[in-house]
Amino acid sequence: MSPVSQGPCCFQSASPRNVQALDTLLAEDAIFHSPVVHTPQIGKAITTKYLAAAFRIFFHPSFRYVREFRTHWLSVPHWRAFPNTIDLNTAPLLVFGSSGTITPTYQETLR
């Protein structure tokens with residue numbers, strides 16, 4: 001599956017209780033760059049753990065998909081959520097490999 005055909009949010013096939021969809025979205029060499037943890041988190045397993053925790057926000061009732069900027073190998077979805085009156089305004093950088101998996105970088109930005 002190409003990244004262009006994955007729809008507006010490539011995580012929409014996952015759920016807060018079932019993050020197994022990440023297994024097909026993330027490459028083995030995925031790297032998670034967090035705005036909070038200042039060292040790269042290397043590998044599919046640790047990236048999956050960080051994203052699984054973030055899914056609590058992705059599926060919060062206040063979560064909304066704003067827009068997405070995209071090329072055939074890059075996606076920058078813009079999301080907002082307001083858990084506990086905190087304004088989370090984020091635009092992660094998703095780089096896709098030729099197989100359509102997110103590789104090697106998942107860069108999260110948070111404002």
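Our structure is the block above this text.
Overview of the structure. Source: prediction; values computed, not measured.

## Overview of the pattern of salt bridges
Consideration 1: According to the stated counting rule, one finds four salt bridges in the structure shown.
Consideration 2: One salt bridge connects Lys44 with Asp23, and the closest N-O pair in it is separated by 3.0 Å. Separated by 21 residues along the polypeptide, Lys44 in helix H2 (residues 44-58) and Asp23 in helix H1 (residues 22-25) bring together distant segments of the chain.
Consideration 3: Residue classification places Lys44 among the buried positions, given a relative accessible area of 12%.
Consideration 4: A salt bridge links Arg80 to Asp87; the nearest nitrogen and oxygen atoms lie 2.3 Å apart.
Consideration 5: Each of the salt bridges in this network shares a partner with another, and the network as a whole consists of Asp23, Glu28 and Lys44.

## Quick look at the packing of aromatic side chains
Consideration 1: Tallying each qualifying case throughout the model produces two aromatic pairs.
Consideration 2: Summarising the aromatic geometry, the rings of Phe32 and Tyr50 are spaced 5.0 Å apart at their centres and angled 20 degrees between planes, so their arrangement reads as stacked. With Phe32 in strand S1 (residues 31-33) and Tyr50 in helix H2, this pair connects stretches of sequence that are 18 residues apart.
Consideration 3: Residue Phe32 is classed as buried on the basis of its relative accessible area, which comes to 6%.

## A closer look at the pairing of strand S4 (residues 74-81)
Consideration 1: In terms of residue burial, S4 counts as a mostly covered element, since seven of its eight residues are buried.
Consideration 2: Where strand S3 (residues 64-70) lies against S4, six bridges are found, and the strand directions are antiparallel. In the sheet register, Phe69 faces S4, and the bridge partner there is Val76.
Consideration 3: The turn linking S3 back onto S4 is made up of three residues.
Consideration 4: Here S4 pairs with strand S6 (residues 93-96) via two bridges, running antiparallel. Bridging from a neighbouring strand, Ser75 pairs with Leu94 of S6.
Consideration 5: Alignment of S4 against strand S5 (residues 88-90), held across three bridges, turns out to be antiparallel. For Arg80, the partnering residue across the bridge sits in S5 and is Asn89.
Consideration 6: Here S4 hands over to S5 after six residues, with Asn84 in that stretch at a positive phi of 50 degrees.

Analysis parameters
- For every chain, the first residue of the written sequence is number 1, and numbering continues from 1 onward in sequence order.
- Where local features are concerned, this predicted model is filtered to residues with pLDDT of at least 70; where side-chain atom pairs are given and counted, the filter is 80 or more; whole-chain, interface and lining totals use all residues.
- As a rule here, side-chain values cover all heavy atoms of the structure and leave hydrogens and water aside.
- Salt bridges are counted wherever a side-chain nitrogen of Lys or Arg sits within 4 Å of a carboxyl oxygen of Asp or Glu.
- Secondary structure elements follow DSSP: runs of H or I no shorter than four residues count as helices, runs of E no shorter than two count as strands, and numbering proceeds from the N terminus.
- Classification of residues uses two cut-offs on accessible area relative to the type maximum, computed with a 1.4 Å probe and protein chains only: under 20% is buried, over 50% is exposed, and between them is partly exposed.
- Aromatic contacts are taken between Phe, Tyr and Trp rings whose centres are within 6.5 Å, Trp giving its six-membered ring; a plane angle under 30 degrees counts as stacked, one over 60 as edge-to-face, and the others as tilted.
- Pairing between two strands requires that DSSP report at least two bridges joining them.

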